[in-house]
Amino acid sequence: MTEPAPPSAREAGPKVQQPVRPGRLRSRLAVALVLVAVVPLLAGAVLLVWAAPAHARSAASGAAARDADAAAVALSTRCEAVRASARVAAGEVAALATRTGGELIPEAAQTLAARAAARRPGSAVAVFDADAALLAASGATAARDVAVGIGAQDLTTGPSCSAGRPYAAADGAGLAEISPVLISPFASTTEVEVATVVMWLPLDRPALSALRERLGTSGRLSVLAAAGRPVVLAGTGPESEKVTELLRELPAEGPAAGTRFGLGYRLTEAGPGLPYRILATGEVGGSGLRLLGWCLLALALVALFPLWLVLVRLTRPVDDELAAVGGELQAERLALADSLDRFGEVLAHTHDLTELLGTVSGTALSGTGAAAAAILLVAEEVEAPAQTPPGGRRAYDQTTRESDRLSVHAEAGRPDAHGEEARAVLPGFAERHFAALTGNPSSVQLFEPQRFELPGAGPVAAIGIGVDSQPVESPAERDPGRRRLIGVLVVARGEGGAGFDALQLTRLRALAAQTGTAITNIRRYLEVRRLSMTDTLTGLGNRAQLVSALSREIAAAGRGDGVLTVLMLDIDHFKLVNDTWGHGFGDVVLRDFAGRLLACVREADTVARYGGEEFVVLLRDTDVDGGCRVAERVLEAARSRPFEEAEVSQAVTVSIGVAAYPRDGRAADEVLQAADSALYAAKRDGRNRWRVAEPSHNAPIPSLPG
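A brief look at the structure comes next. Residue numbering note: each chain is counted from 1, following its sequence as written. Two thresholds apply to this predicted model, a pLDDT of at least 70 for residue-level local features and 80 or more for giving and counting side-chain atom pairs, whereas whole-chain, interface and lining totals are computed over all residues. Heavy atoms throughout the structure, all of them, feed into the side-chain values; hydrogens and water do not.

1. A short note on the overall build of the protein
Heads up, the condition is: Secondary structure follows DSSP: runs of H or I at least 4 residues long count as helices, runs of E at least 2 residues long count as strands, and numbering of each begins at the N terminus. Working definition: with a 1.4 Å probe on protein chains only, accessible area under 20% of the residue-type maximum means buried, over 50% means exposed, and in between means partly exposed. Here a residue-residue contact requires only that any non-hydrogen atoms of the pair lie within 4.5 Å. To measure how exposed things are, a 1.4 Å probe is used in the Shrake-Rupley method; for residues, cover is taken only from the protein chains shown.
Helix and strand content of the protein: 16 helices and 21 strands. When each of the 706 residues of the protein is scored for burial, the buried share is 43%. Residue pairs at least 24 apart in sequence account for 65% of intrachain contacts in the protein once pairs closer than 6 positions are excluded. A total of about 36,000 Å² of accessible surface is found on the protein, and carbon and sulfur atoms cover 55% of it.

Here you go:
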């Protein structure tokens, strides 16, 4: 529209306004975009100045909480190991005392103490007789002195990390356990305490530094007294001034967390399993970001006035054009922000394939402006392969799928006719495109977007999804040649829609790469989870899987009148087999016996390797009589033929203990203990037989031959 000319112009005669040339318009738009850029600059500056420090404090506090909790769990596990080692040492001393008629020979006790200390590096073991006189001590010098200093104390009041009672050592902290040595004199059923075993595992700076390195933490770990004024007993490094100031403000009891004096911290609570409080601290970062924010804020404020003057002079003739361009820019920014949010959801759902696919398809829709999206994956590629043990059955439950079945997820972006029509035809096209890509695996276009025109879907873009075919050291080493095709990602505009531009194809390429990385993480997670519950030698479940399954079955049986039976098996004279033929043949015996054991039980039963040459069978919905019949079948399976490899042949027998729920206990550890006692009874009676645990009530004992 032509504007009125100023008076001087009207006096000179009418003058026609020239249209704005495209070059001048582009110049004015460029200047206007400079001004638009100031607003994000101001927002970024404000975010860095105010939000960055808060985020840094939150991150430091969260990291300290993770470090402290991980250290507390690890030390509790060590405490349980110290307790078990002390009991084993006490059992060895008891066996020695039984052989010598109750008299303990110092030289023999010293040998046992040295053996016990060697099993737990860094620890010390001391043995005291019934009069609290020191018989033997072994271990590192400083730790041995502490163990001797603990002495033979009462079990209910003496130091015990499992009971939450610490021992205040003069040079730091540690995990202590006292275990009595009990024997039954000849012709007597009463146990007599003839000695005491003390085990001490120091928690000094080297031990805590090694723990921090193993956990992968970067902050400082400190061990504090269980109660009273916080005092550092041991730490991973020198105590800084900030930590000293922090200690003055920590509570005398209970946990605490937060940020103070530029440190994020977390203080755990002492209790059974860990008689100390753990303090984890880490530096609060973000100071550099805050300084950068102030600089950006100052720069934006200084540039506002001259840019405003330029905008007033140059943008008046092109207000409408700038408004249109601004609307387009705003739409692009919103789409980018939505894509970033969905990428965050992808990271959050890394281990959940269903959620991952839903997030990826939604991100593809919003990031490319598509009407429909489809993802096709080879089902077997998104599951970690499960190891099959001897006998052809997996040791734990896991859903299996046919290797040739494809998993397709599709989502429409618009609830109109074009969107629904595109959604209906995309899965079939995705399957055909995947078949075409697999027919030409050497093509360089596997992981590059390709454009098509599909009836019913309009313009279509498709790209392959790949996973790493072998580990790489860093993202910089990732190469399309290293990736294996496992599926495709397809988006469609709908009939009559415009084609996909270069920016949208770039987003599609990035999304497909991120999807492949996320699926790789899922596979690794599933494999790690499987290995954590599986014995790698036999393919059976391990001890953790057994305890979990037994606790679950007992809980299910407790809700009704259910029963279950536990068999604990031990291969007789297995050490002699290893000593005679070597550990390689011993492994053959373990694998072969696992297969024979699986053949004797049902598909629904649980078989696990408990440790060493010990196995455990969990028979659901089975009483003691049924368990004894299974035990007899297992004995016959072990005796039926020798165990062989190459030219080596060895007959092997097995001893079995039988216990049942609720007959012999109402908790998992009670039933396992009863089965273990019955196993030792079978060993005591000559091996190559089964024995039933002594009942905890008056239920009849099965009369099957043993």
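Here the narrative resumes.
2. Focus on the packing of helix α12 (residues 543-558) against helix α16 (residues 668-684)
So the rule is basically this: Think of each axis as a best-fit line through the C-alpha atoms, taken over the contacting stretch in the case of a helix, with angles from 0 to 180 degrees between the N-to-C directions. Oblique is the label for any angle not under 35 degrees, not over 145, and not in the 65 to 115 range, which are roughly parallel, roughly antiparallel and roughly perpendicular in turn.
Direction vectors running N to C along α12 and α16 enclose 110°, while the axes themselves pass 9 Å from each other. The angle between α12 and α16 places the two elements in the roughly perpendicular class. In this structure, α12 contributes Leu546, Leu550, Ser551 and Ile554 to the contact, and α16 contributes Ala668, Val671 and Leu672.

3. Focus on the nonpolar core
Defined as follows: By convention a nonpolar core is built from buried Ala, Val, Leu, Ile, Met, Phe, Trp, Tyr and Cys residues, the set being connected through side-chain atoms within 4.5 Å.
In this structure, Val93, Leu104, Val125, Leu175, Val181 and Val197 are the most contacted members of the largest nonpolar core, which totals 45 residues. Tallying contributions element by element places helix α2 (residues 22-99) first for this core, with 15 residues. When residues no more than four places from it in sequence are discounted, the contact partners of Val181 are Ala90, Val93, Ala94, Val192, Glu193, Val194, Ala195, Thr196 and Val197. Core analysis: the second largest hydrophobic core is formed by 35 residues, Leu540, Ile571, Val577 and Phe585 among them.

4. Thoughts on the environment of Ala132
Inspection of the secondary structure puts Ala132 in the loop between β1 (124-129) and β2 (134-139). Ala132 sits in the partly exposed class, given a relative accessible area of 43%. Each C-alpha atom, one on Ala132 and one on Gly151, is 7.0 Å from the other, the two residues being 19 residues apart in sequence.

5. A few points about helix α14 (residues 583-599)
Since the α-helix packs 3.6 residues into each turn, any two residues three or four apart lie on the same face. Quick note on the threshold: To estimate how far a helix should extend, the number of its residues minus one is multiplied by 1.5 Å.
Its 17 residues give α14 an end-to-end C-alpha distance of 24 Å, which sits within 8% of 24 Å, the value for a rise of 1.5 Å per residue. Of the positions making up α14, those classed as buried are Phe585, Gly586, Val588, Val589, Leu590, Phe593, Ala594, Gly595, Arg596, Leu597 and Leu598.

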